[in-house]
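Single-letter residue listing:
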Amino acid sequence: NRSSDLANEGNRFYYEVFVNNTENQQTIAKIQSRLENIPKAIPLEKFSRDEQLAYWLNLYNITIVKEIVAVYPERKLEDLLVGKDSILSKKVLMVAGVPLSLNDIQFTILKQNYDNSPLVIYGLYQGMIGGPNIRKSAYTGKYVYADLIDNAMEFINSNRGTDSKNAKTFRVSSLYERNAVFFPDFNADLTEHLLTYLEGKEADELKAASKIKPDINDWTITDLYGSSRDLGGALANNSAALDGAVSGGNSSRLTARSAVTSKYSPAVLQKLNEINKKKEDQKTGSVTIEELGQVADEAEATDKVDSGSKQP
């Protein structure tokens, strides 16, 4: 654990704006309810696969924010996020009449319907410094993969994502251990995944390493308390953004970011082109609402994570 090294990593969410503020708390609840009820009005199969992916990411993230607001000003989120009694395992959502947990969204709906792609984990905000960034705007079908790649590259190339310990051991975030089901052959699959996005000398250090150690973590909430960050504007009360609640401040090792004329760096755009080509070569389909009936229960999801994390 290198909390001191990670203190200025990632971006922040203005949780302080919800303290003793019923109106702002109700805003979060209304956004979640509105997303939760979309399939009642429009069946999800009417949307494209990318739009459905954006929908699940947004529903997951607003639910996490709502649950963290409920326990704030709790500073450490490990107890909230880990274990069979965690908020991730509880059936806190009802979508088209199907009770769902956040683990159901992550380990069944997203994992099974999106080719077991590890990219989805970078779109699932955890509320802690040691996790992927929350974006300043909601995911949309048009930009969902570009945004996921952007998040992946920021996280992987940050101190909270990867670090070379020595010539033989390459340290990675414990996030990967908790998502080991996305990497069946943990060392080999995770190495291949990281090398897709890792830049600079760390890529060579990963190739040379003989062991991956998932021990980088920081469970500290991504609030603004005790920092000198710009608090931003007021809370945006719509499902598209919550922009004013998000503060920047990424300290990724990446130094070459996107040009002013582009939202994304050339590296992100290159990865996006590769994904788009792969998608064109594959048979496309639709994730229907009926597939929600196939969700695993939380015990099964947890068992998968636990068993996956025991891989070498």
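See above for the structure.
Please read all numbers here as calculations on a predicted model, not as lab measurements.

Asks: Would you mind going over the pattern of salt bridges in detail, with residue names and values included?
Replies: It is possible for side chains of opposite charge to pair when their charged atoms get near one another. Summed over the entire model, instances satisfying the criterion amount to 9 salt bridges. Close ionic contact of Asp223 with Arg75 constitutes a salt bridge, the shortest N to O distance being 2.6 Å. Here Asp223 is found in the loop between β6 (211–216) and β7 (246–247), whereas its partner Arg75 is found in the loop between α4 (49–71) and α5 (78–81), with 148 residues between them in sequence. Exposure remark for Asp223: the relative accessible area of 3% places this residue in the buried category. For Lys201, the salt bridge is made with Glu205, and the minimal N-O distance between the two is 3.6 Å. Of the two residues, Lys201 and Glu205 both sit in helix α10 (residues 201–208), 4 residues apart, roughly one turn of that helix. Under the relative-accessibility criterion, Glu205 is labelled partly exposed at 24%. Beyond isolated ion pairs, a larger network of salt bridges with shared partners links Arg135, Asp147 and Asp150.

Asks: Got a sec to walk through the nonpolar core? Specific residues and values, please.
Replies: Grouped together as the largest cluster of nonpolar side chains are 80 residues, with contacts concentrated most on Trp56 and Tyr176. Element by element, the count of residues in this core is highest for α4, at 12 residues.

Asks: How would you explain the sheet that holds strand β4 (residues 162–164) if you had to name every residue and give the values?
Replies: Two pairing modes exist for strands in a sheet, parallel and antiparallel, and in both the strands are linked by backbone hydrogen bonds. One open sheet accounts for 3 strands, arranged β4-β5-β6; its pairing is mixed. Strands at the two margins of the open sheet, each flanked by one partner only, are β4 and β6. Pairwise comparison of adjacent strand axes, ignoring direction, gives a mean angle of 30° for this sheet. This element, helix α9 (residues 186–197), spans β4, β5 (169–173) and β6 of the sheet and lies at about 75° to β6.

Asks: Can you explain empty space enclosed by the protein? Please cite residues and give values.
Replies: Evaluation of the coordinates by the stated rule reveals 3 cavities of 30 Å³ or more. Residue lining of the second largest cavity: 13 residues in total, with Asn11, Met128, Gly131, Asn133 and Thr222 positioned closest to the centre. Residue classes in the lining of the second largest cavity are distributed as 5 nonpolar, 5 polar and 3 charged.

Asks: Give me the lowdown on unusual backbone geometry, citing residues and values where you can.
Replies: A cis geometry characterises the amide bond from Tyr72 onward to Pro73, with omega recorded as 20°. Secondary-structure assignment places Pro73 in the loop between α4 and α5. For Asn20, which is not a glycine, the phi torsion comes out positive at approximately 55°. Relative to the helices and strands, Asn20 is located in the loop between β1 (12–13) and α2 (22–36). Positioned with a positive phi, Asn116 is a non-glycine residue whose angle comes to about 55°. Within the fold, Asn116 resides in the loop between α6 (102–113) and α7 (144–156).

Asks: For the packing of aromatic side chains, give the residues involved together with the corresponding values.
Replies: Tallied over the entire structure, the rule returns 10 aromatic pairs. For the pair Phe13 and Phe18, a centre-to-centre distance of 6.0 Å together with 5° between the ring planes defines the contact as stacked. Ring geometry for Tyr176 versus Phe183: centroids 6.1 Å apart, planes at 70°, classification edge-to-face. Three or more aromatic residues joined by ring pairs form one cluster here, namely Tyr122, Phe155, Tyr176, Phe183 and Phe186. Its guanidinium or amino end placed over the ring of Tyr114, Arg49 lies 4.6 Å from that ring's centre, counting from NZ or CZ. Positioned over the ring face of Tyr197 is Lys271, at 6.0 Å from the centre of the ring.

Asks: Can you break down α6 residue by residue, with the values?
Replies: Owing to its 3.6 residues per turn, the α-helix brings residues three or four apart onto one side. With 12 residues, α6 should cover 16 Å at 1.5 Å per step; its first-to-last C-alpha distance of 15 Å lies within 8% of that length. Of all 12 residues in α6, 11 are buried, a share of seventy percent or more. Among all positions in α6, only Leu102, Asn103, Asp104, Ile105, Gln106, Phe107, Thr108, Ile109, Leu110, Lys111 and Asn113 are buried. Where α6 begins, one side-chain oxygen reaches toward the backbone nitrogen of Asn103, 3.4 Å away; that side chain belongs to Ser101. Of the residues one or two after α6, Asp115 is the one with positive phi, at around 55°.

Asks: How would you summarise the pairing of β5 if you had to cite specific residues and measurements?
Replies: With 5 of its 5 residues buried, β5 lies for the most part within the structure. In this structure, β4 lies alongside β5, joined through 3 bridges in antiparallel fashion. Bridge assignment links Asp163 to a residue of β5, and that residue is Arg171. Taken together, the 4 bridges between β5 and β6 define a ladder with parallel strand orientation. From the neighbouring strand, Arg171 faces β6, where its bridge partner is Lys213.

Asks: Kindly report on the packing of α2 against α4, identifying the contributing residues and their values.
Replies: As a packed pair, α2 and α4 sit with axes 9 Å apart at the nearest point and diverge in direction by 150°. Looking at the two axes, α2 sits roughly antiparallel to α4. As for the relative orientation of α2 and α4, their crossing is left-handed in sense. Packed against α2, whose contacting residues are Gln25, Ile28, Ala29, Ile31, Gln32, Leu35 and Glu36, the element α4 presents Tyr55, Asn58, Leu59, Ile62, Thr63, Val65, Lys66 and Val69 at the interface. Each residue belonging to the contact of α2 with α4 can be placed in one class, and the counts come to 9 nonpolar, 4 polar and 2 charged.

Definitions and cut-offs
- Residues numbered from 1 in each chain as written.
- Predicted model: local features only at pLDDT ≥ 70, side-chain atom pairs only at ≥ 80, totals over all residues.
- Heavy atoms only, no water.
- Salt bridge = Lys/Arg side-chain N within 4 Å of Asp/Glu carboxyl O.
- Helix = DSSP H or I, 4+ residues; strand = E, 2+ residues; numbered from the N terminus.
- Buried < 20%, exposed > 50% of the residue type's maximum accessible area, 1.4 Å probe, protein only.
- Core = buried A, V, L, I, M, F, W, Y, C linked by side-chain atoms within 4.5 Å.
- Pairing = 2+ DSSP bridges.
- Axes fitted to C-alpha atoms, helices over the stretch in contact; angles between N-to-C directions.
- Contact = heavy atoms within 4.5 Å.
- 1 Å grid on protein atoms, 1.4 Å probe; cavity = no way out; pocket = protein on both sides within 12 Å on 5 of 7 lines; lining within 4 Å.
- Points joined across faces, edges and corners; volume = space filled by probe spheres on them.
- Nonpolar A, V, L, I, M, F, W, Y, C, P; charged D, E, K, R; others polar.
- Phe/Tyr/Trp six-rings, centres within 6.5 Å; stacked < 30°, edge-to-face > 60°.
- Lys NZ or Arg CZ within 6 Å of the ring centre and 35° of its normal.
- Expected span 1.5 Å × (residues − 1).
- Polar contact = N/O pair within 3.5 Å; in protein donor to acceptor, adjacent residues only side chain to side chain.
- Parallel < 35°, antiparallel > 145°, perpendicular 65-115°, else oblique.
- Left-handed = near helix turned anticlockwise from the far one by under 90°.

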